[in-house]
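# Structure at a glance
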Amino acid sequence: MPPAKKPKAAAAADDDDEAASLSAMLRRCSRSSLEALLLTKFKPGGGMVESLKIEEVAATLAPVKIINVGTHNAHRVGTGAFDDLDFDIFSLIVAELPLPTRLLLATRVCTGWRALKNIDHLWTALRVRGQYQQEGSVEVSNTGFTRLLKWVGQVPEDHDDKWRVDKLTELRVHTGDVLSCDALKDAFARTSALCVLHLDGKKVTAAVMKAAAQAPFAAHLKELSIGGDAFGSEGNLEAMLMTMAALETLELPCKNVSRAMLEKVAAAWRGRRGGAAPLLSRLVLGRHGYNRLDWGSLQAMGSLFPELETLKVGHLLMAQEFGPDNEQSSEFRSVRRVDGPLEPMPRLREFALLAVSGYDSNVSTRDMAACLRHVCRAAPALERLCVAHGRMSKEKARATVPLPRPTDEAAGVTAFEALPPSLRSLELSDLDVRPDDFGLAPNLPELRSFTIANCGEYDLRLQGVALKLQAAEAVAERLRLECPLLTESGCVVQDAPLKPSECFDRRPDSYDVARVPFVPRQART
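A brief look at the structure comes next. No experiment lies behind these values; they were computed from the predicted model shown. In every chain, residue numbers begin from 1 and rise along the written sequence. Reporting in this predicted model follows two pLDDT cut-offs: at least 70 for local features of residues, and 80 or more for side-chain atom pairs to be given and counted; totals over whole chains, interfaces and linings ignore these cut-offs and use all residues. The side-chain quantities take in all heavy atoms of the structure and omit both hydrogens and water.

## Quick notes on the overall build of the protein chain
What counts here: Note on conventions: DSSP H or I runs of at least 4 residues are helices, E runs of at least 2 residues are strands, and numbering of each starts at the N terminus. A 1.4 Å probe rolled over the protein chains alone gives each residue an accessible area, and that area as a share of the maximum for its type sets the label: buried under 20%, exposed over 50%, partly exposed in between. Contacts: residue pairs with any heavy atoms within 4.5 Å of one another. Shrake-Rupley sampling with a 1.4 Å probe provides the accessible areas, and residues are treated as covered by the protein chains on show and by no other component.
Regarding its fold elements, the protein chain presents 17 helices and 17 strands. For the protein chain, the proportion of its 525 residues judged to be buried stands at 47%. Intrachain contacts of the protein chain at a sequence separation of at least 6 include 75% that bridge at least 24 residues. Put simply, the protein chain shows about 25,400 Å² of open surface, and 53% of that area lies on carbon and sulfur atoms.

Below, the structure is given as structure tokens:
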């Protein structure tokens, strides 16, 4: 007997639920993902092929990496206990090993192991260094770097000098004092499929940046990171970035960044995209070095890069508080660095303010409170906020300079009262935080994680770890009682400060499709 048909009202309600779920998912898709998804729906000559399905959008938000390794050389001999394993499973196990170990297996063991060279997915990402120890990287010379790329690439039988590296998609290089500009320029010219490029070291000069701008991969590069040791100027970096309109992730030191430079780059990207907004969704500034980003550059982020979802800023230029005996005290206290609101950033979901303390100074309460309030107002969809002020390097001065507060009582500015209801995670470090900083009734219905490190009421007369921990625990207890989804296990109170380097490295969690529940039409009863 066929199943009974649903009433029209029930069917309409199901359609409304699916439409709401699809709408919620589409809002979370990055612009580049949406463009790629929509392109698959149109025929080459025009006309739409099929409608957009909710399952396809869910797959875009939580992609599954599929590796097609093939079944060649299934009857291998010489890999010991691995001989009995299917070759596909064997290669996936090897893929979990660090790059140096994989290279040793594929080049210095017997024939059975050397077959690993033919597994493309093992060699799509290379991390090399000319000097200095880096975990997971291979130390190479100029000749060794070229030989490694040639080994990974394809070499024509009759033209040994025309080899290419078409399967390499990710390259991370720290030149140290060893790798030369010519080695990098030659590598760029022979690499066409690169999507991720990280460059650091003294040999990353203007010539290297020019070669990267002219490389075959420049137009479709998705992620670029320039380290603090790079020697190229702001103009060199600007010229290179202008050619990379497909960038979705960008990391730069503050010494190479200004508002004028960002405006020129954003305009160039819009021009290359026919007037469409830049695709940039993740921007990290000021991780390396001691140069500071000015407030004007941060103000313009929303209008220049409207698709930003993650913004991490270190070494932001803010007013500093010095000890009473410091000659610079009166000068810096009178200078206000945070002035004026930020441009709206409607898609921003993660913001981090890191390492803003000085050698013998802390950020002033006035600027800290104003900065955080401007951020909260500009990002209504914010889900993760991390503020790790950092600790001044001069230990003797820590006892005389107070930590900044998120509440400026003199100006009547309470930053945390402006926290958006969408907030899911809050991390605070090296701040003077008190329970009343969150207002009478914190409106944080989605808050699930709260970390407070080296915080609490900072009394210069009664210093001590116990007092600070007691104050921090009072803050955590206040939030736990007011926020329905914040449990005791979701609160972390610690005396040790958060490390800014860890906050910089942290990537956003993959999208949890279960947060927008839906039931496929064919599965409904």
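Read on, since the account is not over.
## Some thoughts on the packing of helix α9 (residues 206–213) against helix α10 (residues 234–242)
Our working rule: Where helices are involved, their axes are fitted lines through C-alpha atoms of the stretch in contact, as for all axes, and angles between N-to-C directions lie from 0 to 180°. The scheme is simple: roughly parallel for angles under 35 degrees, roughly antiparallel for over 145, roughly perpendicular for 65 to 115, oblique for anything else.
Their axes nearest at 8 Å, the elements α9 and α10 cross at an angle of 10°. In this view, α9 runs roughly parallel relative to α10, as classed from their interaxial angle. On α10, the residues that touch A206, M209, A212 and A213 of α9 are N236, L237, A239 and M240.

## Section: the pairing of strand β7 (residues 282–285)
How we decide: Pairs of strands are assigned from DSSP output, requiring at least two bridges between the strands. For a crossover, the right-handed case is the one in which the path from the first strand over the helix to the second runs clockwise, viewed with the strands pointing away from the viewer.
Residues R282 and V284 point to one face of β7 and L283 and L285 to the other, with burial holding for every one of them. Two elements, strand β6 (residues 249–252) and β7, share four bridges in a ladder whose sense is parallel. In the sheet register, L250 faces β7, and the bridge partner there is L283. Handedness of the crossover joining β6 and β7 through helix α11 (residues 259–272) is recorded here as right-handed. Summarising the sheet, β7 and strand β8 (residues 310–314) pair through four bridges and their orientation is parallel. The partner of R282 across the bridge, within β8, is T310.

## Concerning α10
Just so we agree on the cut-off: Here the arc refers to the directions that run from the helix axis out to each C-beta atom.
Restricting attention to buried positions, one finds in α10 the residues L237, E238, M240 and L241. The arc that holds every buried residue of α10, seen down its axis, measures 165°, which confines them to one face.

## Section: the packing of helix α8 (residues 181–189) against α9
Put simply, the test is: For this scheme, ten residues count as nonpolar: Ala, Val, Leu, Ile, Met, Phe, Trp, Tyr, Cys and Pro. Four count as charged, namely Asp, Glu, Lys and Arg, and the remainder, Gly too, count as polar.
Direction vectors running N to C along α8 and α9 enclose 5°, while the axes themselves pass 9 Å from each other. When the axis of α8 is compared with that of α9, the two are roughly parallel. Counted together, C181, L184, K185 and F188 of α8 and A207, V208, A211 and A212 of α9 form the full contact between these two elements. Partitioning the contact of α8 with α9 into residue classes produces seven nonpolar, no polar and one charged.

## Considerations on a nonpolar patch on the surface
What counts is decided by this rule: Excluding any residue in a salt bridge, patches collect residues exceeding 30% relative accessible area, merging like charges within 9 Å and nonpolar Val, Leu, Ile, Met, Phe, Trp and Tyr side chains within 5 Å. Just to be clear on terms, a salt bridge is a Lys or Arg side-chain nitrogen sitting within 4 Å of an Asp or Glu carboxyl oxygen.
On the surface, F82, I89 and I93 cluster together into a nonpolar patch covering about 240 Å² of accessible area. Tracing the backbone shows F82 in the loop between α3 (54–61) and α4 (87–95).

## Some details on the environment of C195
Tracing the chain through its elements places C195 in the loop between α8 and β4 (196–200). When the C-alpha atoms of C195 and E223 are compared, they prove to be 6.3 Å apart, with 28 residues separating the residues in sequence. Beyond its immediate sequence surroundings of up to four residues, C195 is in contact with T169, L221, K222 and E223.

## Description of helix α7 (residues 142–152)
Taken together, the buried positions of α7 are occupied by F145, L148, L149 and V152. Seen along its axis, α7 keeps its buried residues to an arc of 95°; they face one direction. Opposite the packed face of α7, turned more than 90 degrees from it, sit the exposed residues T143 and R147. Its buried side turned inward, α7 meets α5 (99–108), β1 (125–129), β3 (170–174) and α8.

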